[in-house]
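Inside the fold
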Amino acid sequence: MGALIREFRLLDVTRAVLLFAASIATVTYCSGSFDLFPSVLACVAIIASLVNFNKFACRDFAFPSVVGRACCLVISLVFSFVLVLGAHIRVTEPVIAGGIYENYIEPYSALDFVAFWVMSALVFWVLSVLVQLSCRCRCCVFCIDSLRTNDGDSSIRLLSVAVRALVIFLLYLPFFLRYCPGLFFWDTFSSFAQIMGWNPLSNHHPVAFTMMMAACIKIAGLMGMSPSVGVALLTVLQMACAASTFGYLSIWVTSRLGVSSRWSWLLVVYFGLSRYCALYSVALWKDPLFSCCLVLMVTMLADAVTGKDSRSSALRLLFFGALALDVMLLRNNGLYICAALFVVLAIIVALGRLGCIAPMKPASRLTVSLGFALVTCLVITGPVYSALGVVPSEDVESVGIPLAQMARVAALDGDMSESDRSYMNELLPLDRYKEVYHPSIIDPLKWNDDFNSDHLKDGFWAHWVSMLSRNPSIYFEAWELQTFGFWTPNVKGADGLPENFLMGVPYNLVADAKASTGVTFRNLLAPLGDDVDVALGLSAWSISGAVVFWLLMFSAVLLVSRGRSRFALPLLPFLLLYGTLFIASPIWYWPRYIVAAQFGFPAVLVVVARGMLSGERRSENDVVG
């Protein structure tokens, strides 16, 4: 220890003191008060990074490229700006109940300007340390020798996946028995009512999910069983899909890291014993199946950038296209995710053929597969749905955030032209906005009995632009309060949201649910006592979606900074998922909207490990040269 201390120069000591103070100031600023544990933790992390920085004889803030330095600088500024925004968001509990006087933006001061620059410098330092350490680190739990040794071993045995999936499925079985025939929400009932002929077929909740339920109910009917059995069959199939995805992901992670498959059982235990994952497996939303498909797409993209699918078969490409089609049909924003991914892949192919970047052989095949999936989706959701008489999604579903911005202007008596005022009055009487508009959820407005949604077709965007030019700050505040749970990690209440499943108001907990739905709900574990309800309760913690988002962003930036831009491609579907919510989120935060990124984070860690620690030459691996 004494020798280590003597190695430090005066500059090192000065830097340590400044970083120590900056870390405490950042934690205090973001939390609103001094918190001992995170402050100490931050300081320990900073000092440890400084020691390692000195140990590896790194040059201060040295990057492999100017692009890398610029990326780290930009992300540091953006992240610090987000922390400043989060420090001024004030919300009530529950957040969705807050009106304009309960959920609001606190005024800014000169302190925020100082905090912004202090945090920016601190974040930039941490990123520079990570880049430098990744450039020099040659020894870790999944060492580079292991990565190289297993580079050619990309096969994953079906039997290994099946065994792990079976274990996870059995661990989920108690949740099915407790919430038989599955967690049944209002969204689920909407699909069920369409199947029973009580409501017309609608794509408000994706028709694909409704058709899956209809097929299961039909199978149960052919066997002389009730619709409740059909719903249970759908739940079992969903459990099997979730268990298979997690089983595959468990062994895929260890295979791609080049370590023994025995380590995959740690992930099996994690996924199998996670109440959060188990509840999703029996939750009859479209989100679990959508998320499983998106996670598998990410693993296939990761195989493409690491060269694992160089011998990709037609069956593998067909499977990728099928996954993409499922993503598009199971969630309305899936189409935008896949369309944007298609454009990126097409650009990569074009640049590779022009010689601007190193070509990625699987990219062209994946682009073709994704293109066919896009065309198929457009045919299904267009002519096929029209022939089936499917009612399109309501116009209001696609303008949630713009509508919230206009409503906030009206609620706060913002600047409006006479034409804008008249238009807003046609949508909803002007004197109602203060009462009906809720800053963190659009539903109370768009489903209000007095709201005229038909009027949205009459020049909505022209009035949106007109009001934007007069009220840019109000528009930005409206966007903040409508989406902050997905991007700011330092707002009280923007956490893992353990009420995730309870927010869906499951019919399983309603006494007279059978009378209103026609589905029989049973607790098959009731004889075991109340302790079972405690162990299998609906409250489940998860990593905050905002934290996951920034981990994704920092991962992408670190890969680019290390000259491994190609490895950022598998992160893109998750980032695009967030992007669709930043544009059209109906609520400040609901974990089920981004659960795919939570499920797939082990795959992200694999991509980062291979990209940051790989010994491959950059000229052979960069997507962006």
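Please read these numbers as outputs of a predicted model, since none were measured by experiment.

Here is what the cut-offs are and how they apply
Residues numbered from 1 in each chain as written. Predicted model: local features only at pLDDT ≥ 70, side-chain atom pairs only at ≥ 80, totals over all residues. Heavy atoms only, no water. Helix = DSSP H or I, 4+ residues; strand = E, 2+ residues; numbered from the N terminus. Buried < 20%, exposed > 50% of the residue type's maximum accessible area, 1.4 Å probe, protein only. Contact = heavy atoms within 4.5 Å. Areas by Shrake-Rupley, 256 points an atom, 1.4 Å probe, with all protein chains shown as cover. Arc of directions from axis to C-beta. Phe/Tyr/Trp six-rings, centres within 6.5 Å; stacked < 30°, edge-to-face > 60°. Lys NZ or Arg CZ within 6 Å of the ring centre and 35° of its normal. Core = buried A, V, L, I, M, F, W, Y, C linked by side-chain atoms within 4.5 Å. Axes fitted to C-alpha atoms, helices over the stretch in contact; angles between N-to-C directions. Parallel < 35°, antiparallel > 145°, perpendicular 65-115°, else oblique. Left-handed = near helix turned anticlockwise from the far one by under 90°. Salt bridge = Lys/Arg side-chain N within 4 Å of Asp/Glu carboxyl O. pLDDT = per-residue confidence, 0-100.

Thoughts on the overall build of the protein
- The secondary structure content of the protein amounts to 29 helices and two strands.
- By residue count, 54% of the 625 residues in the protein fall in the buried class.
- Of the contacts made within the protein by residues no fewer than 6 positions apart, 80% connect residues no fewer than 24 positions apart.
- With an accessible surface of roughly 27300 Å², the protein has 67% of that area assigned to carbon and sulfur atoms.

Some details on helix 21 (residues 460-470)
- Listing the buried residues of helix 21 in full gives Phe-460, His-463, Trp-464, Ser-466 and Met-467. Down the axis of helix 21, the buried side of the element spans an arc of 165°, and every buried residue falls inside it. Exposed residues lying more than 90 degrees from the buried face of helix 21 are Ala-462 and Ser-469.
- Elements that come into contact with the buried residues of helix 21 comprise helix 17 (400-411), helix 18 (418-427) and helix 22 (472-483).

Re the packing of aromatic side chains
- With the rule as written, the count across this model stands at 37 aromatic pairs.
- Relative to Trp-285, the ring of Tyr-280 lies with its centre 6.4 Å away and its plane at 50°, an arrangement referred to as tilted.
- On the accessibility criterion, Trp-285 (1% relative accessible area) is buried.
- Directly above the ring of Phe-567 sits Arg-566, whose terminal nitrogen or CZ lies 5.8 Å from the centroid.
- A cation sits over an aromatic face here: Arg-592 above Trp-590, 4.3 Å from the ring centre.

Thoughts on the nonpolar core
- Core analysis: the largest hydrophobic core is formed by 162 residues, its most contacted members being Leu-183, Phe-184, Leu-294, Phe-501, Leu-552, Phe-574 and Tyr-578.
- Top element by residues in this core is helix 13 (residues 287-305). It accounts for 14 residues.
- Core analysis: the second largest hydrophobic core is formed by 28 residues, Tyr-423, Leu-428, Tyr-475 and Ala-478 among them.

A look at the packing of helix 7 (residues 158-178) against helix 12 (residues 275-282)
- The contact between helix 7 and helix 12 brings their axes to 9 Å, and the two run at 60°. Taken together, the axes of helix 7 and helix 12 lie oblique to each other. Seen from above, helix 7 lies across helix 12 with right-handed handedness. Residues Tyr-172, Phe-175 and Phe-176 of helix 7 form the contact with helix 12, whose participating residues are Arg-275, Cys-277, Ala-278, Leu-279, Ser-281 and Val-282.

Some words on the pattern of salt bridges
- Evaluated as defined, the whole model comprises 14 salt bridges.
- Two residues, Arg-316 and Asp-303, come together in a salt bridge whose shortest N-O distance is 2.8 Å. Placement of the pair is Arg-316 in helix 14 (residues 314-330) and Asp-303 in helix 13, with a sequence separation of 13 residues.
- The exposure class of Arg-316 is partly exposed, given its relative accessible area of 25%.
- The residue Lys-446 makes a salt bridge to Asp-443 at a minimum N-O spacing of 3.4 Å. Within this pair, Lys-446 and its partner Asp-443 are both found in helix 20 (residues 443-446), separated by three residues, close to a single helical turn.

What to know about unusual backbone geometry
- Following Glu-93, the chain continues to Pro-94 via a peptide bond in cis, the omega torsion being -5°.
- Relative to the assigned elements, Pro-94 resides in the loop between strand 1 (89-90) and strand 2 (104-105).
- Geometrically, the link from Cys-180 to Pro-181 is a cis peptide bond, its omega value of 5° lying close to zero.
- Non-glycine residue Asp-413 carries a positive phi angle of around 55°.
- Tracing the sequence through the fold places Asp-413 in the loop between helix 17 and helix 18.
- A relative accessible area of 58% means that Asp-413 is categorised as exposed.
- Even without being a glycine, Val-505 presents a positive backbone phi close to 50°.

Structural notes on the confidence of the model for the protein
- Averaged over every residue, the pLDDT of the protein is 85; the share at 70 or more is 85%.
- Contacts of residues 138-144 to residues separated by more than four positions or lying in other chains number eleven contacts, the stretch itself having pLDDT below 50.
- Within the model, pLDDT remains below 50 along residues 616-625, and this stretch shows 25 contacts once partners closer than five positions in the same chain are excluded.

Structural notes on the side chain of Ser-264
- With respect to the secondary-structure elements, Ser-264 resides in helix 11 (residues 264-273).
- Setting aside residues up to four positions removed in sequence, Ser-264 forms contacts with Arg-164, Ser-250, Ile-251 and Thr-254.

Observations concerning the environment of Asp-449
- Assignment of secondary structure puts Asp-449 in the loop between helix 20 and helix 21.
- On the basis of relative accessible area, Asp-449 is assigned to the exposed category, the value being 77%.
- Separated by 21 residues in sequence, Asp-449 and Leu-428 have C-alpha atoms that sit 9.5 Å apart.

Side note on helix 11
- Those residues of helix 11 that sit buried are Ser-264, Leu-267, Val-268, Phe-271 and Gly-272. For helix 11, the arc enclosing every buried residue in end-on projection is 125°, short of the 170-degree limit, so these residues lie on one face. Helix 11 presents Leu-266 and Leu-273 as exposed residues on the side facing more than 90 degrees away from its buried surface.
- In the core, the buried residues of helix 11 are packed alongside helix 7, helix 10 (227-257), helix 12, helix 27 (595-599) and helix 28 (601-613).

Considering the environment of Phe-319
- Among the secondary structure elements, Phe-319 is positioned in helix 14.
- According to the relative accessible area criterion, Phe-319 is partly exposed, its value standing at 42%.
- Considering only alpha carbons, one finds Phe-319 and Ser-369, 50 residues apart in sequence, at a separation of 8.9 Å.
- Excluding anything up to four places from it in sequence, Phe-319 contacts Leu-296 and Met-300.

Overview of the side chain of Arg-178
- Assignment of secondary structure puts Arg-178 in helix 7.
- Judged by its relative accessible area of 11%, Arg-178 falls in the buried class.
- In contact with Arg-178, other than residues within four places in its own chain, are Leu-509, Arg-522, Asn-523, Leu-525, Asp-533 and Leu-536.

Focus: the environment of Ser-134
- Looking at where Ser-134 falls in the secondary structure, it is placed in helix 5 (residues 110-136).
- Taking the relative accessible area as the measure of exposure, Ser-134 reaches 6% and is therefore buried.
- Each C-alpha atom of the pair Ser-134 and Leu-613 lies 6.1 Å from the other, and the pair is 479 residues apart in sequence.
- What Ser-134 contacts, discounting residues up to four positions off in sequence, is Arg-562, Met-612 and Leu-613.

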